Each structure stands twice: as structure tokens, then as C-alpha cells.
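Okay, here's what each chain looks like letter by letter:
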Amino acid sequence: GDAGAPLPDFSAPNIDIRTVAPALGVSVNKQPDYLDYDQKGRGIVVTMFANSGVAYLLGSCFGGLYGLREGIAKSPSRSINNQTT
């Protein structure tokens, strides 16, 4: 029978490793490549969305924990177990 499609050929003699992966330490340029950091932080809209997202997550977590604690404290099985006979 047919064995299917042949395996792809990954040999690539025309690829220059210095341009593909300079993070591996193979580099033509010996000077460091810095990113542009001309901005003075995030914009006000991005900060506002980030802060509201953090507040929402914290409120959900603390509200869920409070509801779990109250639900366990007021559950019928807990009040039966606490009765003295």
C-alpha cells in the first residue's frame, strides 16, 4: 500500500543563521539591539482599563470567598451538627 505523503525536507542551506536567530549568540552586529522606549509609560485609557480589571477581579475573589464563608456558616447541615441534645 501507499505509505502516505513523503516527509518534508528540512535541510535549508540558503538560510543564514545569523539573521534568523541572533538570540543564539550568532550575530554580525556586535552592538546591543535596544528597544525604543520614548514613551513615558502607558496611556491613561490603558491604565484605566487595567485598574478597573484588577478591581473587578479582586472584588469577584473576595466576594466569592465571603459568600462561601457565609453559605457554609448558614447551611442547614452545619446547624444540625451544632445542636446540643
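Because the structure is predicted, anything quoted here is derived from the model rather than measured.

**Observations concerning the overall build of the chain**
And then number 1: What the chain contains, in helices and strands, is three helices and zero strands.
And then number 2: Going from the N terminus to the C terminus, the chain shows its helices and strands as α-α-α.
And then number 3: Within the span of the chain, comprising 85 residues, buried residues form 2% of the whole.
And then number 4: A total accessible area of about 8,600 Å² is found for the chain, and carbon and sulfur atoms account for 61% of it.

**Description of the confidence of the model for the chain**
And then number 1: In the predicted model, the chain carries a mean pLDDT of 77, and 61% of its residues have values of at least 70.
And then number 2: Ranking the helices and strands of the chain by mean pLDDT puts helix α2 (residues 44–73) first, with 94, and helix α3 (residues 76–81) last, with 62.

**Overview of the pattern of salt bridges**
And then number 1: Enumeration over the complete set of coordinates arrives at two salt bridges.
And then number 2: Close ionic contact of R69 with E70 constitutes a salt bridge, the shortest N to O distance being 3.3 Å.
And then number 3: For R69, a relative accessible area of 52% corresponds to the exposed category.
And then number 4: We note a salt bridge from K74 to E70, for which the minimum N-O separation is 3.5 Å.

**A look at a nonpolar patch on the surface**
And then number 1: Taken together, the side chains of V54, L58, F62, L65, L68 and I72 make up a nonpolar region of the molecular surface, amounting to roughly 610 Å² of accessible area.
And then number 2: When you line up the elements, F62 lands in helix α2.

Conventions adopted
- Residues numbered from 1 in each chain as written.
- Predicted model: local features only at pLDDT ≥ 70, side-chain atom pairs only at ≥ 80, totals over all residues.
- Heavy atoms only, no water.
- Helix = DSSP H or I, 4+ residues; strand = E, 2+ residues; numbered from the N terminus.
- Buried < 20%, exposed > 50% of the residue type's maximum accessible area, 1.4 Å probe, protein only.
- Areas by Shrake-Rupley, 256 points an atom, 1.4 Å probe, with all protein chains shown as cover.
- pLDDT = per-residue confidence, 0-100.
- Salt bridge = Lys/Arg side-chain N within 4 Å of Asp/Glu carboxyl O.
- Patch = residues over 30% accessible without salt bridge, like charges linked within 9 Å, V, L, I, M, F, W, Y side chains within 5 Å.

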